[in-house]
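Below are the chains, spelled out letter by letter.
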Amino acid sequence: MHLGRTTLSKFLIQQLNGIEGATDLGALLVDVAAAVKAISAMTAKGALGGYLGELGSKNIQGETQQKLDVLANDVMIRSCEWGGLVAGMASEELEEPYPVPVEYSRGRYLLVFDPLDGSSNTDVNVSVGTIFSVLRHDQSQPPAANDFLQPGRVQVAAGYAIYGPATMLVVTVGKGTHGFTLDREIGNFILTHPNLQIPIDTSEFAINTSNARFWEPPVHRYVTECQAGKTGDRERDFNMRWIASMVAEVHRILMRGGVFMYPRDTKDLGKPGRLRLLYEANPISFLIEQAGGRATTGQQRLLDVIPESLHQRVPLILGSYNEVARIERYHAEHANGVDRPYTSPLFNERSMFRPEARL
Ligand code: AFP
């Protein structure tokens, strides 16, 4: 693999060599890359293209749709519906799965995507992204909604595009996580970050701390320890980031480590988390695991969650292996009733005011 010279297509030919269905899968990922180039051009034009602002409608999630949400969704559909590679598609922006039009032949893959994640940031020019997941559909009849309800561990491929200062595509087909940078002058994605590996330790966490009063005790315990820094149990200072664009947080974590948390909280008991399982948490978790990281709901490995509905939400904690393992341990200790009662830093393990010391 020659850095700065290997194109996405050449890389996929090499990576998929010997994998069953390689040709079609590679062709589908090239179609997704073509859609990403078009979305990149739209996000880069911003106000000059009339792409900013709200559409005045809401999506299935009841969330306000940005113009770019719908435009990006249309681009993904148009780019991938005609090639005879997908049996059907599902999108954050569509209530029901999208059937391949009868004039096109159907393929053996399901493409599931969030066409523009972080879109509430488009008007303030913060990086946003496209997230996608590829599942199998080895049946002749068109897929029903239930055919999309596959656990993340069976994904065939996954990736995201980040529309930042540079547009990058980060993908996995189950053989590591690899980053490509868009060379706009030649319109090609070039391999620039092969075999990404997340540092197993970190001192940087990302969470929306305005939700602190809604957090469950294990999350509260972890964040409080991070905030206590050198004065607390962790005996080192931590840094915090929150971009409110998951793709940007995940990209930073893939580049330099870190932990991202959008946990279950009591803010809206009808929502077990904010992020959607099929087209946000699953593809991102596949990429994270392939890069040596860890992804969990707090209670279980994220990729083992069995989907129950197309747009279901899930708690998501991911990133540097050892930190995520610690957060899972805190959840288990809480579930087993053995976590030290949440105490203020005054009662940390090194002080004489330990709860057990008072027994
Ligand atoms: P939008 O796509 O509605 O902007 O949501 C983005 C997102 O799903 C994820 O990308 C962010 O990490 C998270 O929401 C930010 O949530 P808060 O706005 O609650 O911080």
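The structure presented is a predicted model; accordingly, all values stated were derived computationally and were not measured.

Caption draft 1: Highlighting the pairing of strand E13 (residues 259-262). Residues Val-259 and Met-261 of E13 are buried on one face, and the alternating residues Phe-260 and Tyr-262, pointing to the opposite face, are buried as well. Pairing of strand E11 (residues 204-206) with E13 involves two bridges; the strand directions are parallel. Within E13, the position partnered with Ala-206 by the bridge is Phe-260. The sheet contact formed by E13 and strand E17 (residues 316-319) spans four bridges and is antiparallel. Note that in E17 the partner of Phe-260 across the bridge is Leu-318.

Caption draft 2: Up close: the sheet that holds strand E6 (residues 128-136). Taken in spatial order, the eight strands line up as E4-E3-E5-E6-E7-E8-E9-E10 in an open sheet, and their pairing is mixed. The sheet is open, and its two borders are formed by strand E4 (98-99) and strand E10 (188-193), each paired with just one other strand. Here strand E7 (residues 157-163) pairs with strand E8 (residues 167-172) via six bridges, running antiparallel. Counterpart to Ala-161 in the pairing with E8 is Leu-169.

Caption draft 3: Spotlight on the packing of aromatic side chains. For the structure on display, the rule yields four aromatic pairs. For the pair Phe-11 and Phe-180, a centre-to-centre distance of 5.2 Å together with 75° between the ring planes defines the contact as edge-to-face. Taken together, the residues Phe-11 in helix H1 (residues 8-16) and Phe-180 in strand E9 (residues 178-183) connect sequence positions 169 residues apart. We note that Phe-11, like Phe-180, is buried. Relative to Tyr-262, the ring of Trp-242 has its centre 5.9 Å away and its plane inclined at 50°; by these criteria the two rings are tilted. Here Tyr-262 lies in strand E13 and Trp-242 lies in the loop between strand E12 (239-241) and helix H5 (246-256), a separation of 20 residues in the sequence. A relative accessible area of 26% means that Trp-242 is categorised as partly exposed. Sitting over the face of the ring of Tyr-330, Arg-221 holds its NZ or CZ atom 3.8 Å from the ring centroid.

Caption draft 4: Seen up close, the domain arrangement of the protein. Each domain of the protein was delimited in the assignment, giving domain 1 (8-193) and domain 2 (204-347). One C-alpha centre belongs to domain 1, the other to domain 2; they are set 25 Å apart. Listed as interface residues are 48 residues of domain 1 and, on the opposing side, 33 residues of domain 2. Taken together, the two surfaces of domain 1 and domain 2 that pack against each other cover about 2900 Å², and 63% of this comes from carbon and sulfur.

Caption draft 5: Fine view of the environment of Leu-302. Relative to the assigned elements, Leu-302 resides in the loop between strand E15 (294-296) and strand E16 (313-314). If sequence neighbours within four positions are ignored, Leu-302 has contacts with Leu-277, Ala-281, Asn-282, Ser-285, Ala-295, Thr-296, Thr-297, Val-314, Pro-315 and Leu-316.

Caption draft 6: Layout of the sheet that holds E15. Strand order in the open sheet made by the five strands is E12-E11-E13-E17-E15, with mixed pairing throughout. With partners counted over all chains shown, the strands left at the sheet margins are E12 and E15, one partner each. Across the sheet, the mean angle from the axis of one strand to that of its neighbour is 15°, orientation sign disregarded. For E11 and E12, the ladder comprises three bridges, and the chain directions are parallel. Within E12, the residue paired with Glu-204 across the bridge is Asn-239.

Caption draft 7: A look at the site of the ligand. Every one of the 13 residues lining the ligand counts as a neighbour, but Asp-117, Ser-120, Met-246, Tyr-262 and Arg-274 are closest to it. Between the ligand and Gly-118 there is a distance of 2.9 Å, counted from an oxygen atom to a backbone nitrogen or oxygen. At 2.6 Å from an oxygen atom of the ligand is found a side-chain nitrogen or oxygen belonging to Ser-120. Expressed as a share of its isolated accessible area of 480 Å², the protein-covered part of the ligand is 87%. Among the residues forming the shell around the ligand, the class breakdown is six nonpolar, five polar and two charged. Formed jointly, the shell around the ligand draws a minimum of three residues from each of two domains, domain 1 (8-193) and domain 2 (204-347).

Caption draft 8: Structural detail: the packing of helix H4 (residues 217-228) against helix H7 (residues 321-335). Relative orientation of the contacting elements H4 and H7 amounts to 135°, with a least axis distance of 8 Å. Judged by the inter-axis angle, H4 sits oblique to H7. In terms of crossing hand, the pair formed by H4 and H7 is right-handed. On H7, the residues touching Pro-217, Pro-218, Val-219, Arg-221, Tyr-222 and Glu-225 of H4 are Glu-323, Arg-326, Ile-327, Arg-329, Tyr-330, His-331, Glu-333 and His-334. Within the contact of H4 with H7, the residues separate by chemical class into six nonpolar, two polar and six charged.

Caption draft 9: Representation of the side chain of Ser-245 in the model. Residue placement: Ser-245 occurs in the loop between E12 and H5. Here the side chain of Ser-245 touches Ser-127 through a polar contact of 2.8 Å, landing on its backbone oxygen.

Caption draft 10: Structural detail: H1. Residues Leu-8, Phe-11, Leu-12, Gln-15 and Leu-16 constitute the buried set of H1. Around the axis of H1, the buried residues are gathered within 115° of arc, so they sit on the same side. Turning to H1, the residues buried within the fold contact helix H2 (22-45), E8, E9 and E10. Directly beyond the C-terminal end of H1, a positive phi value near 95° is found at Gly-18.

Reading the values: rules and limits
Residues numbered from 1 in each chain as written. Predicted model: local features only at pLDDT ≥ 70, side-chain atom pairs only at ≥ 80, totals over all residues. Heavy atoms only, no water. Buried < 20%, exposed > 50% of the residue type's maximum accessible area, 1.4 Å probe, protein only. Helix = DSSP H or I, 4+ residues; strand = E, 2+ residues; numbered from the N terminus. Pairing = 2+ DSSP bridges. Phe/Tyr/Trp six-rings, centres within 6.5 Å; stacked < 30°, edge-to-face > 60°. Lys NZ or Arg CZ within 6 Å of the ring centre and 35° of its normal. Domains from an automatic or database assignment. Contact = heavy atoms within 4.5 Å. Buried area = accessible area lost by both parts, 1.4 Å probe. Axes fitted to C-alpha atoms, helices over the stretch in contact; angles between N-to-C directions. Near = heavy atom within 4 Å. Polar contact = N/O pair within 3.5 Å; in protein donor to acceptor, adjacent residues only side chain to side chain. Areas by Shrake-Rupley, 256 points an atom, 1.4 Å probe, with all protein chains shown as cover. Nonpolar A, V, L, I, M, F, W, Y, C, P; charged D, E, K, R; others polar. Parallel < 35°, antiparallel > 145°, perpendicular 65-115°, else oblique. Left-handed = near helix turned anticlockwise from the far one by under 90°. Arc of directions from axis to C-beta.

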